Amino acid sequence: MGAVQVLQGLFPEPGRLQFLYVDLGDSKAINEVFSKNAIDVVMHFAAVAYVGESTAEPLRYYHNITSNTLGLVEAMVRHRVHKLIYSSTCATYGEPDVMPIKESTPQVPINPYGKAKKMAEDIILDYVKSNDQLAVMILRYFNVIGSDSKGRLGEAPRPELRAHGRISGACFDAAMGVIPELKVQGTDYNTEDGTCVRDYIHVTDLVDAHVKALNAAKPGKPGIYNVATGKGVSVKQFVEACKAATGVNVTVKYMDRRPGDYAEVYSDPTKIKNELNWTARHTDLTKTLRVAWKWRKAHPKGYTAVNYLNS
């Protein structure tokens with residue numbers, strides 16, 4: 001809710017920004033939202049999104065991602081809303097035989113998170129085939145990191161999610177002494193240094209991709225795009241960048257692999273560059289982490305410690 005308060009403080013004009021706290025699994029509440037508001041486009045971001053957690057709680061992920069997306073699309077149909085930008089993931093590809101990943105790479109997800117997202121994509125694309133009025137863009141995110149360069153928004157996962165959290169948050173926790181060490185899971189992958197390789201995309205670049213996708217969406221012509229830098233970074237390389245950004249020589253504990261992880265995932269961003277004129281601009285990993293670290297140090301307890309409406 002802290003991020004919502006920040007945005008409400010930035011856009012206080014009546015009618016400029018409305019926040020409704022609604023469960024996507026509550027079809028009655030969702031239909032009420034559509035009935036009471038003039039909605040032109042839906043950007044569907046809402047989802048649980050932790051690979052490790054998905055292997056421990058698969059049914060929760062299928063309900064939260066697949067079932068809720070079906071309910072949302074049904075509400076759009078009922079209320080004649082014809083434009084959808086859907087947040088998907090590179091996890092739908094699983095562990096391809098060939099790198100880099102293109103949009104044409106076969107989707108063979110290996111964990112419930114990726115499987116649930118692929119099912120949601122299939123629901124959306126099947127509906128497009130039956131209704132050529134629907135304008136759909138599916139954006140497959142790679143590994144999102146970073147914070148707002150102006151220091152207004154940052155990543156602040158709930159404490160109970162730390163065990164499943166992303167490497168940047170875990171590194172910052174270790175640098176701040178919240179946890180005693182940074183745990184790196186898996187050192188025997190078939191990669192150059194034995195750790196997983198990922199393609200890290202800055203959240204600001206991701207926002208820009210959504211704007212371009214919205215402007216380019218056309219009825220009956222669904223677009224599918226990877227959103228990434230095209231550069232693979234190993235976990236060990238990420239840790240070194242994090243040490244440089246924080247100035248803290250964090251203790252690293254190497255452990256066995258995490259269930260559901262894949263060795264190497266990075267994208268070929270040619271399609272989104274050619275068709276949407278989008279290219280990642282924030283590609284200096286150490287700089288990105290330095291900005292995110294600045295936000296984290298200013299907000300050691302996340303959003304809870306600051307009254308943003310008066311800041």
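Everything numeric in this text was worked out from a predicted model, so none of it was measured.

Student: Explain empty space enclosed by the protein to me, using residue names and the numbers behind them.
Tutor: Counting across every chain of the model gives 1 cavity of 30 Å³ or more. Of the volumes computed, that of the largest cavity is approximately 50 Å³. The wall of the largest cavity is formed by Val73, Met76, Val77, Val81, His82, Leu84, Tyr127 and Leu134. When its residues are assigned to classes, the lining of the largest cavity shows 7 nonpolar, 1 polar and no charged.

Student: Residue-level account of the pattern of salt bridges, with values.
Tutor: The final tally for this structure, using the stated rule, is 14 salt bridges. For the salt bridge of lysine 36 with glutamate 32, the shortest nitrogen-to-oxygen distance reads 3.0 Å. Note that lysine 36 and glutamate 32 are positioned in helix α2 (residues 27–36) at a spacing of 4 residues, about one turn of the helix. Accessibility expressed as a relative area gives 63% for lysine 36, which makes it exposed. On the accessibility criterion, glutamate 32 (37% relative accessible area) is partly exposed. Notably, a salt bridge pairs aspartate 126 with lysine 129, separated by 3.8 Å at the nearest N-O pair. Remark: lysine 129 and aspartate 126 occur in helix α5 (residues 112–130); sequence separation between them is 3 residues, near one turn of the helix. Residue classification places aspartate 126 among the partly exposed positions, given a relative accessible area of 46%. Sharing partners across several salt bridges, the network here consists of Arg198, Arg258 and Asp261.

Student: Give me the lowdown on the state of the cysteines, citing residues and values where you can.
Tutor: One pass over the structure, following the stated rule, counts 1 disulfide. One disulfide bridge connects cysteine 171 with cysteine 242, the sulfur atoms lying 2.2 Å from each other. Around the S-S axis, the bridge from cysteine 171 to cysteine 242 shows a dihedral of about -125° and counts as left-handed. One end of the pair, cysteine 171, is in helix α6 (residues 167–176); the other, cysteine 242, is in helix α8 (residues 235–246), with 71 residues separating them in the sequence. We note that cysteine 171, like cysteine 242, is buried. Unpaired in this structure, cysteine 90 has its nearest cysteine sulfur neighbour in cysteine 196, at a distance of 12 Å. Owing to a relative accessible area of 3%, cysteine 90 belongs among the buried residues under this scheme.

Student: An account of the packing of α8 against helix α10 (residues 285–298) is needed here, citing residue identities and associated values.
Tutor: Two quantities define a packed helix pair, namely the angle between the axes and the distance from one axis to the other. The N-to-C vectors of α8 and α10 enclose an angle of 50°; their axes lie 8 Å apart at closest approach. Judged by the angle between their axes, α8 and α10 are oblique. In the crossing of α8 with α10, the sense of the turn from one axis to the other is right-handed. Residues Phe238, Ala241, Cys242, Ala244, Ala245 and Thr246 of α8 form the contact with α10, whose own contacting residues are Leu285, Thr286, Leu289, Arg290 and Trp293.

Student: So what's going on with the sheet that holds strand β8 (residues 223–227)? Residues and values would help.
Tutor: Pairing in this open sheet of 4 strands is parallel, and the strands run β1-β2-β3-β8 from one edge to the other. Since the sheet does not close on itself, it has two edges, and those belong to β1 (42–44) and β8, each with one partner. For this sheet, the mean angle separating the axes of adjacent strands, direction not counted, is 15°. Sheet topology note: the strand β3 (residues 135–141)/β8 ladder contains 5 bridges and is parallel. Pairing of tyrosine 141 across the sheet is with valine 227, part of β8. Helix-sheet contacts for helix α4 (residues 58–78) involve β1 and β2 (83–89), and the interaxial angle to β2 is about 170°. Together, β1, β2, β3 and β8 form the strand contacts of helix α7 (residues 203–216), whose direction differs from that of β3 by roughly 160°.

Student: Pulling in residues and values, what's your account of a nonpolar patch on the surface?
Tutor: Side chains of Leu7, Leu10, Phe11 and Leu17 sit close together on the surface and give an oily, nonpolar patch of about 290 Å² of accessible area. Looking at where leucine 10 falls in the secondary structure, it is placed in helix α1 (residues 2–10). Leucine 10 gets classed as partly exposed once you look at its relative accessible area, which sits at 37%.

Student: Tell me about the confidence of the model for the chain, and name the residues and values.
Tutor: Detailed reading of the predicted coordinates is not advisable wherever pLDDT falls low. Mean pLDDT for the chain: 92, with 95% of residues reaching 70 or above. Scored below 50 in pLDDT, residues 305–311 shows 12 contacts in the model against residues more than four places distant or in partner chains.

Student: Can you tell me about the side chain of threonine 105, naming the residues and giving the values?
Tutor: In this structure, threonine 105 sits in the loop between β2 and α5. Judged by relative accessible area, which is 13%, threonine 105 ranks as buried. Within polar-contact distance, the side chain of threonine 105 engages the backbone nitrogen of lysine 102 at 2.9 Å.

Thresholds applied
The numbers attached to residues start from 1 for each chain and follow its sequence in the written order. Confidence filtering applies because this is a predicted model: local features only for residues at pLDDT of at least 70, side-chain atom pairs given and counted only at 80 or more, and all residues used for totals across whole chains, interfaces and linings. Hydrogens and waters are ignored; side-chain quantities use all the structure's heavy atoms. Put plainly, a pocket is an open set of points on a 1 Å grid over the protein atoms alone with protein on both sides within 12 Å along at least five of seven lines, a cavity is a set where a 1.4 Å probe fits but cannot get out, and a lining residue has an atom within 4 Å of a point. Grid points are joined across faces, edges and corners, and a volume is the space filled by probe spheres set on the points. Think of it as three bins: nonpolar holds Ala, Val, Leu, Ile, Met, Phe, Trp, Tyr, Cys and Pro, charged holds Asp, Glu, Lys and Arg, and polar takes everything else, Gly as well. Salt bridges are defined as contacts in which a side-chain nitrogen from Lys or Arg sits within 4 Å of a carboxyl oxygen from Asp or Glu. Runs of E in the DSSP output that reach at least two residues are strands. Runs of H or I that reach at least four are helices, and both are numbered from the N terminus. The buried label applies to any residue whose accessible area, calculated with a 1.4 Å probe on protein chains only, is under 20% of its type's maximum; exposed applies above 50%, and partly exposed to all values in between. Disulfide assignment relies on a single distance test, namely cysteine sulfur atoms paired within 2.5 Å. Angles here are taken between N-to-C directions and fall from 0 to 180 degrees, while the axes themselves are lines fitted to C-alpha atoms, restricted in helices to the stretch in contact. The scheme is simple: roughly parallel for angles under 35 degrees, roughly antiparallel for over 145, roughly perpendicular for 65 to 115, oblique for anything else. Should the near helix be turned anticlockwise from the far one by less than a right angle, the crossing is termed left-handed; should it be turned clockwise, right-handed. When checking whether two residues touch, look at their non-hydrogen atoms; a contact exists if any pair is within 4.5 Å. By definition, two strands form a pair when at least two bridges between them are found by DSSP. To count toward a patch, a residue needs a relative accessible area over 30% and no salt bridge; like charges are then connected within 9 Å, while nonpolar side chains (Val, Leu, Ile, Met, Phe, Trp, Tyr) are connected within 5 Å. Here the accessible surface of atoms and residues is derived via Shrake-Rupley with a 1.4 Å probe, and residues count as covered only by protein chains that are part of the display. Within a predicted model, pLDDT stands for the predictor's per-residue confidence, ranging from 0 to 100. Polar contacts, as counted here, are pairs of nitrogen or oxygen atoms within 3.5 Å of one another; within protein the pair requires one atom able to donate a hydrogen and one able to accept it, and residues that are adjacent in sequence qualify only if both atoms are side-chain atoms.

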